[in-house]
Amino acid sequence: AEFLALYPEGLADSASGWTSWNAGDTTVEDIGNSARVCDPEQIDAESTCYQSCRVRRGHCDPCSWTTCYNDVAFVKHLLQ
């Protein structure tokens with residue numbers, strides 16, 4: 001039997017080169033300021049800024065720690 005294995009990688013659209021998946025509830029806009037899990041005073045906003053968030057929202061928040069691309073749609077497309 002032959003097998004095909006796919007290992008998609010999250011996008012690296014940040015200055016740091018970190019890859020991530022938009023899993024929902026991972027950006028400040030998703031969870032709201034009352035549920036912050038990071039201290040924005042301790043984060044370098046430019047190194048954590050994902051360009052997809054800057055384009056989509058017009059700004060970056062240092063506590064938005066994943067890409068803003070629609071990764072659910074991406075995975076659905078892979079499975080078609």
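Mind showing me how you'd approach the environment of Pro8 here?
Within the element layout of this structure, Pro8 appears in the segment before α1 (28-31). Note on Pro8: relative accessible area 41%, which makes it partly exposed. Sequence separation of Pro8 and Leu78 is 70 residues, and the distance between their C-alpha atoms is 9.2 Å. Those residues in contact with Pro8 that lie beyond four places of it in its chain are Trp21, Phe74 and Leu78.

For this particular structure, what's the right way to read a nonpolar patch on the surface?
On the surface, a nonpolar cluster with roughly 450 Å² of combined accessible area is contributed by Trp21, Phe74, Val75, Leu78 and Leu79. With respect to the helices and strands, Leu79 occurs in helix α4 (residues 71-79).

Teacher, can you tell me more about the side chain of Asp71 here?
Take Asp71: it is sitting in helix α4. Buried Asp71, no salt bridge; nearest opposite-charge side chain is Arg56, N-O distance 9.6 Å. Setting aside residues up to four positions removed in sequence, Asp71 forms contacts with Ser20, Trp21 and Asn22.

Rules of the game
- Residues numbered from 1 in each chain as written.
- Predicted model: local features only at pLDDT ≥ 70, side-chain atom pairs only at ≥ 80, totals over all residues.
- Heavy atoms only, no water.
- Helix = DSSP H or I, 4+ residues; strand = E, 2+ residues; numbered from the N terminus.
- Buried < 20%, exposed > 50% of the residue type's maximum accessible area, 1.4 Å probe, protein only.
- Contact = heavy atoms within 4.5 Å.
- Patch = residues over 30% accessible without salt bridge, like charges linked within 9 Å, V, L, I, M, F, W, Y side chains within 5 Å.
- Areas by Shrake-Rupley, 256 points an atom, 1.4 Å probe, with all protein chains shown as cover.
- Salt bridge = Lys/Arg side-chain N within 4 Å of Asp/Glu carboxyl O.
- Lys, Arg positive; Asp, Glu negative; His and termini not counted.

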